[in-house]
Amino acid sequence: MSDAESTLITGIGELVSNDGEPSGGQPDSSQPGSFAAMTDAALVIARGKVAWTGPASRAPAADTVVDVAGRAVLPGFADSHAHLVFAGERSAEFAARMAGRPYRAGGILGTVEATRAASDAALRANLRRLAAEMLRQGTTTFECKSGYGLTVPDEARGLALAAEVTPEVTYLGAHVVPPEFAADPAGYVDLVCGPMLDACAPAARWVDVFCEDGAFGADEAATVLAAGQAAGLHARVHANQLGPGPGVRVAAEAGAASADHCTFLTDDDVDTLASTPVVATLLPGVEFSCRQPFPQARRLLDAGAVVALATDCNPGSSFTSSMPFCIALAVREMGMTTEEAVWAATAGGARALRRTDIGHLGVGARADLILLDAPSHTYLAYRPGVPQIAAVWQAGNLVAGTTVNNAA
Ligand SMILES: [Zn+2]
């Protein structure tokens, strides 16, 4: 398709646009609104963007016409939390955990060791394989963190590789304290905020910190975020994953875009998330893979917090790249409606990345969209584990799957 050509997608059984009225305001097609869906719809793509949406019976002419025969079209998923630059795998650790056996070797530091030892080509090949896997499953935007290098050159290398596949690159030098700094964690924070940041900031958009007992405390986390912000990066935080703690408060005080995990929240934390722009990003693949209690999405939504869903794809605690799987978990295990879960995986992810051009299909949005082999978004949770992503468009280009209806 050349830039000048337009494509009409018609016969859409359900078009999820997320361009409904935001709470307390008028719909604005330049950014996501509330969940909204239309039946018997059509959509026109031109110059990589959504040019028109409306009833199929009123669709304008276009250069190319695709009839999707009653299937659903959704915005592409925005996965706002992933760790894809790594080497090695930890299936034995997972199997031991599921069997209730202790597992000594490895953990994050095992991945750090493998990542440091890997060639650029090996890291790039693994990263590209995972990025392609995400795209086939409908993820058209994803965030990617460093955090398995933990030396100046290894973190800088991880971010340069991440920047090859996504603009949403996150500096996570403050993932864990590496073994060589075990006796001097303050020295490691100095490195993260000094020479490592200098080497990493040019390739990154975001700075993140794992604020948790055993990782980085509130003061250290605030120091890391402030240093990153002084270097032009925007903040996001790994918060309240393993127990109650200061992560959400630190995120709010730093003006972070997102507090991620939010598994163990006090009432004060919920109030903070509801009363500030910090998005609560929930990562149910982690609780599934670690056999832990799921985050309380219902409590956050009822309080008025903005909730996003993301995979946390990483080789240890959540080795899934599937947003449909996370949607199914959110609906089945976390009390979210199908509408809320799909919104959280699209518009919610966009909010967590402070993007207005994705996560919705209002006129002017980037034409990132998914064709489901199903008549409605509900099927993402109703048929868990079943591949239902028929086709994926990114900026108006068909990049995965086919629009041919095999069921017809
Ligand atoms: Zn993470």
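Residues numbered from 1 in each chain as written. Predicted model: local features only at pLDDT ≥ 70, side-chain atom pairs only at ≥ 80, totals over all residues. Heavy atoms only, no water.

### What about the overall build of the protein?
Assigned secondary structure in the protein consists of 14 helices and 16 strands. Seen through its principal axes, the protein has C-alpha atoms that stretch 70 × 45 × 45 Å. Look at the contacts in the protein between residues 6 or more apart in sequence, and 72% of them connect residues 24 or more apart. Just so you have it, the protein exposes about 15,700 Å², and 53% of that area is on carbon and sulfur atoms. Computing the positive centroid from 27 side-chain charges and the negative centroid from 44, the protein places the two 5 Å apart. (Helix = DSSP H or I, 4+ residues; strand = E, 2+ residues; numbered from the N terminus. Contact = heavy atoms within 4.5 Å. Areas by Shrake-Rupley, 256 points an atom, 1.4 Å probe, with all protein chains shown as cover. Lys, Arg positive; Asp, Glu negative; His and termini not counted. Charge placed at Lys NZ, Arg CZ, Asp CG, Glu CD.)

### Quick notes on helix 8 (residues 247-254)
Of all the residues in helix 8, the buried ones are Gly247, Val248, Val250, Ala251 and Ala254. Projection of helix 8 onto a plane perpendicular to its axis shows the buried side chains occupying an angular sector of 160°, all on one side. Against the buried residues of helix 8 lie strand 9 (206-211), helix 7 (218-230), strand 10 (234-239), strand 11 (258-261) and helix 9 (267-275). At the exit of helix 8 stands Gly255, carrying a positive phi of roughly 70°. (Buried < 20%, exposed > 50% of the residue type's maximum accessible area, 1.4 Å probe, protein only. Arc of directions from axis to C-beta.)

### With respect to the coordination of the zinc ion
Looking at the metal site, the zinc ion is ligated by His81 (NE2), His83 (NE2), His238 (NE2) and Asp312 (OD), spaced 2.0 to 2.5 Å from it. Coordination at the zinc ion is irregular: its four donor atoms span angles of 80 to 171° at the metal. Mapped onto the sequence, the residues coordinating the zinc ion show the spacing H-x1-H-x154-H-x73-D. Taken together, the positions of His83 in the loop between strand 6 (77-79) and helix 1 (91-98) and Asp312 in the loop between strand 13 (307-309) and helix 12 (323-333) put the pair 229 residues apart, joining distant regions of the chain. Judged by relative accessible area, which is 2%, Asp312 ranks as buried. (Donors = N, O, S within 2.8 Å, 3.2 Å for Na, K, Ca; no water. Tetrahedral: all angles 85-135°; square planar, octahedral: opposite > 155°, others 65-115°.)

### Some words on the pattern of salt bridges
According to the stated counting rule, one finds 20 salt bridges in the structure shown. Here Glu93 and Arg90 are joined by a salt bridge, their closest N and O atoms 2.9 Å apart. Just as Glu93 is buried, Arg90 falls in that class too. Linked through salt bridges whose partners overlap, the residues forming this network are Glu143, Lys145, Asp208 and Arg236. (Salt bridge = Lys/Arg side-chain N within 4 Å of Asp/Glu carboxyl O.)

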